[in-house]
Amino acid sequence: LEREWVPVLQEMREADRKRVKRYATPQIQTAAAAYQAFWQEKQVVAGGEGDDQGTPLHVLNERIVARFCTRVALDQLIEDLQGDDLSSISIDGITDEEAVNAKRGAIEWVRAFAHYWEPKLKIGPDDDVRRSLGVAPPGHWQRLCNGADADDVTEAMWQELPPLFVYASHDNILQLYSPEALSARLRRVRASVCDELIGDLR
């Protein structure tokens, strides 16, 4: 189990941390940027002979582990949000009441998001259905399938429009609880989940 799963967990952990570092200051992603990123990923070519990262088994393992870790990370993200100490957050122009309301709104938003996506992660994607739908930019076709992959969830959260509770208060709330900020936070939590699982396996 250690030989089979630890490399997969390590890959996902490093990819998440790299993404979080790259988007340290969350910015709203445009449709054009999402479309470009999608095709850049499609152009990645697997290694040569002897490299198991391109084999169907490795890809299957990677997708299964990613779905499980994402489900755990969604639940942990809600717990982390509930434990946010707003007294240690100092943002000009935001009252305590606005910060508390934004936190409450973020928790409810993530809880509803998890309620929608966790059953889909348990089912997994229907690749035959996806192929029949053709190729579309991220954020468009994943909701048409009963199941989902982990990438569908992170992409969907990233592309969600900011909820009303974000706009109802100070603009700087976006840096805390916008979908982009929560998506980066989800990846941070998922990287920690990978660390825990690696420790357990070893």
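Here, residues in each chain are numbered from 1, in the same order as that chain's written sequence. Totals for whole chains, interfaces and linings use every residue, but because this is a predicted model, local features are given only for residues with pLDDT of at least 70 and side-chain atom pairs only at 80 or more, for both listing and counting. Excluding hydrogens and water, the side-chain values take into account all heavy atoms of the structure.

## Details of the packing of aromatic side chains
Turning to step 1, where the next piece is worked out: Centres within 6.5 Å are what make two rings of Phe, Tyr or Trp a pair, Trp counting through its six-membered ring; a difference in plane orientation under 30 degrees is then read as stacked, over 60 as edge-to-face, and the rest as tilted. Within this structure, the stated rule accounts for three aromatic pairs.
Turning to step 2, where the next piece is worked out: Between W109 and F113, the aromatic rings sit 5.6 Å apart at their centres with planes inclined by 20°, giving stacked as the arrangement. Of this pair, W109 and F113 both sit in helix α4 (residues 96-123), four residues apart, which is roughly one turn of the helix.
Turning to step 3, where the next piece is worked out: Each residue is assigned to one of three classes by its accessible area relative to the maximum for its type, calculated with a 1.4 Å probe on protein chains only: buried under 20%, partly exposed between the two thresholds, exposed over 50%. Accessibility expressed as a relative area gives 5% for F113, which makes it buried.
Turning to step 4, where the next piece is worked out: An angle of 40° between the planes, with centres 6.1 Å apart, marks the rings of F113 and W117 as tilted. Only runs of H or I of at least four residues qualify as helices and only runs of E of at least two qualify as strands under DSSP, and these elements are numbered from the N terminus.

## A short note on the environment of R67
Turning to step 1, where the next piece is worked out: Mapped onto the elements, R67 comes out in helix α3 (residues 56-82).
Turning to step 2, where the next piece is worked out: Those residues in contact with R67 that sit more than four places away from it in its chain are L121, G124, P125, A148, D149 and A150. Should any heavy atoms of two residues lie within 4.5 Å, those residues are considered in contact.

## Some words on the state of the cysteines
Turning to step 1, where the next piece is worked out: Counting rule for disulfides: a pair of cysteine sulfur atoms within 2.5 Å. Under the definition given, this model contains zero disulfides.
Turning to step 2, where the next piece is worked out: No disulfide involves C69; its sulfur sits 4.2 Å from the nearest other cysteine sulfur, which is in C194.
Turning to step 3, where the next piece is worked out: For C69, a relative accessible area of 0% corresponds to the buried category.

## Some points on the environment of P125
Turning to step 1, where the next piece is worked out: Along the chain, the position of P125 falls in the loop between α4 and α5 (127-133).
Turning to step 2, where the next piece is worked out: The class for P125 is buried, based on a relative accessible area of 18%.
Turning to step 3, where the next piece is worked out: Put simply, P125 and R63 are 62 residues apart on the chain and 9.6 Å apart in space, counted from C-alpha to C-alpha.
Turning to step 4, where the next piece is worked out: P125 has contacts with R63, R67, R130, G147, A148 and D149, leaving out every residue within four places of it along the chain.

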